[in-house]
Amino acid sequence: MTQLASDDVSERISADVVAKVSRLARLDLTPEEIEITTTQLSDVLEHFADVDALDLSDVSPMTQPYPLVNVMRDDVEAPVLDRDAVLAAAPQAEDGRFRVPPIVGLEG
Amino acid sequence: MGIIPTTAAGIADAVRDGSVTASDVVERHLAAIEAREHEIHAFNLVGADAARTAAAAIDAAVAAGDDPGPLAGVPVALKDNMCTRGVETTCSSKILAGWRPPYDATVVERLTAAGAVVIGKTNLDEFAMGSSTENSAFGPTRNPHDISRVPGGSSGGSAAAVAAGFAPLGFGSDTGGSIRQPAALCGVVGVKTTYGAVSRYGLVAFASSLDQIGPFSTTVDDAALALEVIAGHDPMDSTSIPEPFPRLREVLDRGVEGLRVGRITDLPTGADPDVIERLEAAFDALGAAGAKIVDVEVPAFTYGLTAYYLIAPAEASSNLARYDGVRYGLRVDAPDTNAMYMATRHEGFGAEVKRRIMLGTYALSAGYYDAYYGKALRVRRLISDDFARAYEHADVLLTPTSPTVAFPIGAKTDNPLAMYLCDTYTIPSNLSGHPGMSVPFGTGADDLPVGVQVLASTCGEATMFQVAAELERAMESATP
């Protein structure tokens, strides 16, 4: 079990962190949006102090409400989505595939 | 020509016995939409032609002696985050505008198989993130009781559609209260079932461990009827409950004699006095009908909001990663793929969606994961355990649905935290996975509707509906 660093949450989130997170989230925020987001995220996270004060060391995390079991099904052929119908919804498609701009080599 | 009933159950009976045609039912509802939709804006899309075609098919089936099903000819309004094959499904977001799904959600399939007629797709807060239906790329929905006010959200379009008489049944999704809160603010019934009772297949995901589809209706019986059609196991949803869904309509007349109705003594404060007054009246009504009112504690209830605003955004940031301009929806052209992702998401998402993606990405990022997301999941367990203990002493719990009546449009748009507080009383049961429903119970300030929330334990829908039906009877006998 990782040690919970309780001092982490008392720090106010900085604009630098917000800028980094926006890149991770592939959101191209403007400097004004970064500034507003920094303030708003700080306000939301400030409420976390209540929770941070709780002793939760004996409590197990709950990821979802229903006890999940692996679901196995018979390996039988069944209709699937029509490829052309799926590709028709794509912004660009070619030769039965999704078409995207170059993945590497054109930075900036 | 028979008189067209106002309830879904009444319409279905009349269409099945031939006293009313599905075509006349659809025309009457299209006329209601024509008369008021311009000021309400409940719909992103009204499918008049498709509805007329579907109604004609129902009428042909009745004429041929076939039974079109338990929702024969009943117009239904679907929140625009449920996939409808070949029909635009936008989530009220620019990033999905124009997208026509290649398949139907399971709920949509079951509704149409039961004879329901889809009359339109309703407005929502973008990707179901909000409590007022103001965060829509296509403009706000207005409350039919007072068009200067919000209908609640995020399923505000479906709630408003039912309240305005555009359709006897609406369907929404509830992640933190998005069915129950707008139901309360619009004066209609709204139900969130036990997590896993209704299939999520074809519901555009917001927070997958919290999302549930459910009905809006004008009567408790109609909500029961709708759930009996849409609920039940679906192999296409791996979190679908395998056990059969309870029969609800047959319990509505049983009364509440001997049932234990819990009052949460440590419920978070903040509800307006007019709302509390209606809650007390609900306790009185149930007590008078023979229920036993018991005090219970749910200490972790108060931490629900905080845990939710880490868990839901965390799941959303992951679910919404799929909107990248590759497979569907908007693409903003750029010289390379990464720049295309950034430009597409910048242009396609609104402010609240970006805010939640940011919050979720932060909560899940290296160095913060345990401190935020990990702790929130532990609080979720506390809440669930506290509810389980309370349900040892009470069959249902009663709370306000919303802390206030419908508020003016624009009142909370600049203050995300104030908006989040709208869901104080609804969020904890999403975290625990328990069912909850809002029942209209009179009016509060400015003669606006107030809803009372009935909560029950896992798969306790039958008891929940028994109590809801008693509250409905109490209101009917109180109204001259």
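In this report, the structure presented in the accompanying data block is examined. (Residues numbered from 1 in each chain as written. Chains lettered and ligands numbered in written order. Predicted model: local features only at pLDDT ≥ 70, side-chain atom pairs only at ≥ 80, totals over all residues. Heavy atoms only, no water.)

This part is about the interface of chain B and chain A. It is common to report an interface's size as the accessible area lost on association of the parts. Facing the 61 residues of chain B at the interface are 58 residues of chain A. Among the residues of chain B in contact with chain A, B:Met358, B:Lys375 and B:Arg378 are the three that bury the most area, contributing 15% of the side total. The interface formed by chain B and chain A contains two salt bridges. Across the pair B:Lys375 and A:Asp52 runs a salt bridge, and its minimum N-O distance is 2.9 Å. Viewed at the interface, chain A and chain B are joined by 17 residue pairs in polar contact (both at pLDDT 80 or more). Elements supplying a minimum of two residues to the side of chain B that touches chain A: α9 (304–319), α10 (337–348), α11 (351–364), α12 (370–393), α13 (416–420) and α14 (427–432) of chain B. It is α12(B) that contributes the most residues to the side of chain B that touches chain A, 12 residues altogether. Class assignment of the residues belonging to the side of chain B that touches chain A gives a composition of 32 nonpolar, 16 polar and 13 charged. (Contact = heavy atoms within 4.5 Å. Buried area = accessible area lost by both parts, 1.4 Å probe. Salt bridge = Lys/Arg side-chain N within 4 Å of Asp/Glu carboxyl O. Polar contact = N/O pair within 3.5 Å; in protein donor to acceptor, adjacent residues only side chain to side chain. Helix = DSSP H or I, 4+ residues; strand = E, 2+ residues; numbered from the N terminus. Nonpolar A, V, L, I, M, F, W, Y, C, P; charged D, E, K, R; others polar.)

Now for the sheet that holds strand β9 (residues 396–400) of chain B. Residue and element names in this part refer to chain B. Strand order in the open sheet formed by 11 strands is β1-β3-β2-β4-β6-β5-β10-β11-β9-β7-β8, with mixed pairing between adjacent strands. Each edge of the open sheet is held by one strand with a lone partner, namely β1 (43–46) and β8 (292–296). On average, adjacent strands in this sheet sit at an angle of 30 degrees to one another, irrespective of strand direction. Pairing between β9 and strand β11 (residues 449–456): five bridges, direction antiparallel. Its bridge partner being in β11, Pro 400 is matched across the sheet by Val 452. (Pairing = 2+ DSSP bridges. Axes fitted to C-alpha atoms, helices over the stretch in contact; angles between N-to-C directions.)

Before going further, it helps to examine the environment of B:Tyr372. On the secondary structure map, B:Tyr372 appears in helix α12. In sequence terms B:Tyr372 and B:Pro168 are 204 residues apart; their C-alpha atoms lie 42 Å from each other.

Considering all chains together, one arrives at 16 aromatic pairs over all chains under this definition. Residues A:Phe48 and B:Tyr372 carry aromatic rings whose centres are separated by 5.1 Å and whose planes lie at 55 degrees to one another, so their mutual orientation is tilted. Taken as a pair, A:Phe48 in helix α4 (residues 48–52) and B:Tyr372 in helix α12 lie in two separate chains rather than in one. Taking relative accessible area as the criterion, B:Tyr372 reaches 0% and is therefore assigned buried. Members of the aromatic cluster, joined through ring pairs, are B:Trp99, B:Phe127, B:Tyr323, B:Tyr328 and B:Phe349. In this structure, B:Arg263 packs its charged tip against the face of B:Phe283, placed 4.2 Å from the ring centre. Over the ring of B:Phe407 we find B:Lys412; its NZ or CZ atom is 4.4 Å from the centre of that ring. (Phe/Tyr/Trp six-rings, centres within 6.5 Å; stacked < 30°, edge-to-face > 60°. Buried < 20%, exposed > 50% of the residue type's maximum accessible area, 1.4 Å probe, protein only. Lys NZ or Arg CZ within 6 Å of the ring centre and 35° of its normal.)

Residues and elements named next belong to chain B. A cis amide bond links Gly 153 to the next residue, Ser 154, at an omega of 10 degrees. Counting through the fold element by element, Ser 154 comes out in the loop between β3 (117–122) and α5 (156–163). In this model, Ser 92 sits at a positive phi of 50 degrees, which is unusual for a non-glycine residue. Summarising the element assignment, Ser 92 is placed in the loop between β2 (75–79) and α4 (106–113). The phi dihedral of Asp 446 is positive, around 55 degrees, even though this residue is not glycine. Here Asp 446 shows up in the loop between β10 (436–443) and β11. For Asp 446, a relative accessible area of 58% puts it in the exposed group.

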